[in-house]
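Coordinate analysis (summary)
Listed here are the chains, written in short residue letters.
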Amino acid sequence: MDEQTTVLNRSRQPLTVTLREFELTDVDDYFVWASDDRVSPWWRWDIFTNKEDVLTFMEETVLPHPWMRAICLDGRPVGAISVTRRTAEHQCRAELGYVIASQYWGRGITTEAVKLVLGTIFGDMEGLERLEALVLVQNVGSQKVLEKAGFTKEGILKKYLIHKGKISDMVMYSFIPSEN
């Protein structure tokens, strides 16, 4: 993907946000957010404690994923973003997921990455009509990302899934191009 956008760092200097496919050489950068105990509460899996496990995860899950990209800041991965297409009668929709290292929270980087996805995904995935995102009710930061990127909050799904052993409510967001 050749798309890119610019955000300002805390000193008001421009930084370039891009998306690209992951490579195994990204393991050190991936480990930064995969081992961050501020990030892990929002993930569906537990924190990684060593790079060997991250490497295995990348080999078995990240690299084979049909649409997972590194969120890069000036060329260096600082997070990940994915789109997972549904199948059969649900193939008109896909789910968006993302994660970013905590030191980059609140800087607009994830919002810009989501906008980059929105700029291409409906052309890349034939027949896609709806992109949705499920967010834990407690994850206010992620809800703000989606709202700033143009997603619509559809409602709260009560007792929707078991997250880290606890039954949790989720907020459903959607982006439908014909309505935006």
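See the structure above.
None of the values given here were measured: they were computed from a predicted structure.

Moving on, we get to the packing of aromatic side chains. The tally for this structure, following the rule as stated, stands at 7 aromatic pairs. Judged by centre distance (4.7 Å) and plane angle (45 degrees), the ring pair of Tyr30 and Trp33 falls under tilted. With Tyr30 and Trp33 both in helix 1 (residues 27-34), this residue pair falls 3 residues apart, about one helical turn. For Tyr30, a relative accessible area of 2% corresponds to the buried category. Judged by its relative accessible area of 1%, Trp33 is buried. Pairing Tyr30 with Phe57 gives two aromatic rings, centres 6.2 Å apart and planes at 55 degrees, and the pair type is tilted. Residue Tyr30 is located in helix 1, and its partner Phe57 is located in helix 2 (residues 51-62); the two are separated by 27 residues in the primary sequence. Note on Phe57: relative accessible area 16%, which makes it buried. What links up through ring pairs into an aromatic cluster is the set Phe22, Tyr30, Trp33, Phe48 and Phe57.

Okay, unusual backbone geometry next. The phi angle at Asp74 is positive, at roughly 50 degrees, despite the residue not being glycine. Residue placement: Asp74 occurs in the loop between strand 3 (68-73) and strand 4 (76-85). Positive phi, close to 45 degrees, is recorded for Lys159, a residue that is not glycine. Tracing the chain through its elements places Lys159 in strand 7 (residues 152-163).

The rules behind each value
Residues numbered from 1 in each chain as written. Predicted model: local features only at pLDDT ≥ 70, side-chain atom pairs only at ≥ 80, totals over all residues. Heavy atoms only, no water. Phe/Tyr/Trp six-rings, centres within 6.5 Å; stacked < 30°, edge-to-face > 60°. Helix = DSSP H or I, 4+ residues; strand = E, 2+ residues; numbered from the N terminus. Buried < 20%, exposed > 50% of the residue type's maximum accessible area, 1.4 Å probe, protein only.

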